Amino acid sequence: MCGIVGYIGQRNATGVIISGLKRLEYRGYDSAGLALYSSRRQALVRVRAVGKIAGLVSRIETDLPDHADPDYTLGVGHTRWATHGAPTEANAHPHLSRNGEFAVVHNGIIENYAALKERLIRKGYIFTSETDTEVLAHLVEECYEGDLHCAVAAALEQVEGTYGIAVVGSRHQGLIIAARKGSPIAIGAGQSEAIVASDISAIIGYTKQVVFLNDEDIATITAETLDIASLKNVPVSRALTHIDSNLDQIEKGGFEHFMLKEIHEQPQALANAIRGRLLEKDGTTRLGGMQMTSAEIARISHISIAACGTSYYAGMVGKYLFEDLAGLPTDIEQAAEFRYRNPIIEPDTLMLAISQSGETADTIAAVREALRKGATVLGICNVVGSTIARDTGRGVYLHAGPEIGVASTKAFTAQVAVLAMLAIIFGRARRLSGSKGRELVRELTRAPAIVAAMLEEEGAIKVIAEKYARSEHMFYLGRGYMYPAALEGALKLKEISYIHAEGYHAAELKHGPIALLDEHVPVVVAVPDLPGKSKTISNMQECRARGSSVIAIATSGDDEAISSCNDVIRVPRCLEFLAPIPVVIAEQLLAYHIARFRGCPIDQPRNLAKSVTVE
Ligand code: F6R
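Now for a description of the structure that goes with this document. Residue numbers here run from 1 along each chain, matching the order of that chain's written sequence. Given that this is a predicted model, residues contribute local features only at a pLDDT of at least 70 and side-chain atom pairs are listed and counted only at 80 or more, while totals for whole chains, interfaces and linings are drawn from all residues. The basis for every side-chain value is the complete set of heavy atoms in the structure, and neither hydrogens nor water enter the calculation.

1. Brief notes about the pattern of salt bridges
By salt bridge we mean one thing: a side-chain nitrogen of Lys or Arg within 4 Å of a carboxyl oxygen of Asp or Glu. Within the structure shown, the criterion is met by 36 salt bridges. Across the salt bridge formed by R180 and D215, the nearest N and O atoms sit 2.8 Å from each other. Of this pair, R180 sits in strand β8 (residues 176-181) while D215 sits in the loop between β11 (209-212) and β12 (217-221); the two residues are 35 residues apart in sequence, bridging distant segments of the chain. Exposure is judged per residue with a 1.4 Å probe applied to protein chains only, and the accessible area is read against the type maximum: over 50% gives exposed, under 20% gives buried, and values in between give partly exposed. For R180, a relative accessible area of 19% translates into the label buried. Put simply, D529 and R573 hold a salt bridge, and the shortest N to O gap is 3.1 Å. Of this pair, D529 sits in the loop between β25 (523-526) and α18 (533-545) while R573 sits in the loop between β27 (567-571) and α19 (580-597); the two residues are 44 residues apart in sequence, bridging distant segments of the chain. According to the relative accessible area criterion, D529 is partly exposed, its value standing at 28%. For R573, a relative accessible area of 44% gives the class partly exposed. Think of it this way: any DSSP run of H or I at least four residues long counts as a helix, any run of E at least two long counts as a strand, and we number them from the N terminus.

Written as structure tokens, this is what we have:
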């Protein structure tokens, strides 16, 4: 996710900003840049580079040989994780105003940027990037009448969406303006210096005294002073916080592992995945990146999904969604099989390639094979500008934020949300009524809250995890939408705890694998209060009759499955089409805590890589 660092003080700003940006590397990014005030040139100088901070440092060494001069004492820097526009140098921050006098770094999303951009272009502003942020730089120039604070406030008044920003101006060599709405900004107040950052890990090497901005605060920061006001310019006071934590604790947000942090980020990841995409009044959703007209959407008569691992299981949920909500026949195939099987692609087939990283070799090859056969291919990726996103040229981003833990968690739930939004679009073009569409869209609006309620069950899940942590084999069962959820639960457990786990359709168990059950093999059964529940309860009894302990994942308040299980994990009630989301989160937490009790290296399991770029 994007990171901001700004410095004003007595030290060389280049060094402080670069070391701050390095501290933010753990958040994931794809390009970086900085803008410094040069007193020799009496202007802002900017250097940006695609890729790692090391690349930015070499660019600075060549393009700005005097970068270590002591008179560089003011600047802002940024690590960008692409959202609007690919990770290119032109899209990297800082963005400059048309006259080059103002530099802006920004985290968040300006939702009305397209309208603002159109208006600014009509007024003669020239845009050099595809980002939403660049409108802010031009707006500051447009609003500037000699006071940088007022110009930034007036610019922000026009903006809808979220922001954490830092702005510098070449006529204000002693000043940084910072502001926040929905995206964090902290200000470290040192001795005759201040550091502004989106994350305190960039600050605490210099000072432990930090002020956090609230939403709609604007801070006027000099080396000696800090004044905070509301957007309406009413002064406000914010407490100074003393930070005790160490850097490792901060990078993981206080969690022991990235995986746990990412599990807990799911309310926010889902909120980001659905933001601006739900049209409740029309009972549908809007996914601009599809680039398909209504007529093209209505012409699609078959969907083919290719993906690997967790993304494949999300794709399996997609099959249920497209068939249930849109009546569209849907095939799902492991990408490695798709690429070599000579798949049948008809002119009215839409292919979906699902990949968190967008770099999985088998999925890339499947996309290329489908494109060769003339298919329309949509990429459903998390990483903006990744190979699959570029190859397909159209698709839907998850906006789940960087996933660092090797085991995929928040990407899965965001993938299901995106597939649900797609299925609603195709459904509304076919057989889904307006009132049903509205009901589904309303439920999607609730998704972040459903997930937040699910996370509250963590304490109870931990107790169950401890009880079963010494198992050597486990089964996961489910039917309907819970079938892919069972497969994903087993995958999560085996990859991080090294327990041998198998996911099965609840009814399929008795066609063979039931022979493996005994008192040493616990069975996790996804049995929320949905169609098929009573049949799954019968399957639970079959397991108990073979001596297995059964852990039921059941809806809060529904006690029907209780007498057939040994332990129960509660999930919040929700409509069937979203039910895999809380159930899989329950399984993520169970796998995590079992692996933790077993002392496994959760963020880097043996033999696994985050992105599988080989066949
Ligand atoms: C499991 C996991 C993997 C990935 C798979 C595909 O937790 O992370 O199974 O889901 O390697 O990766 P992407 O989605 O990046 O194509």
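2. Describing the environment of L350
By the secondary structure assignment, L350 is in strand β20 (residues 349-355). Residue classification places L350 among the buried residues on the basis of a relative accessible area of 0%. In sequence terms L350 and S201 are 149 residues apart; their C-alpha atoms lie 44 Å from each other.

3. Brief notes about the side chain of K252
As for its position among the elements, K252 is in the loop between α6 (247-251) and α7 (258-264). Here, residues are in contact when the closest pair of their heavy atoms is within 4.5 Å. In contact with K252, other than residues within four places in its own chain, are H257, F258, K261 and D603.

Purely geometric stuff here, so don't read any function into it on its own.
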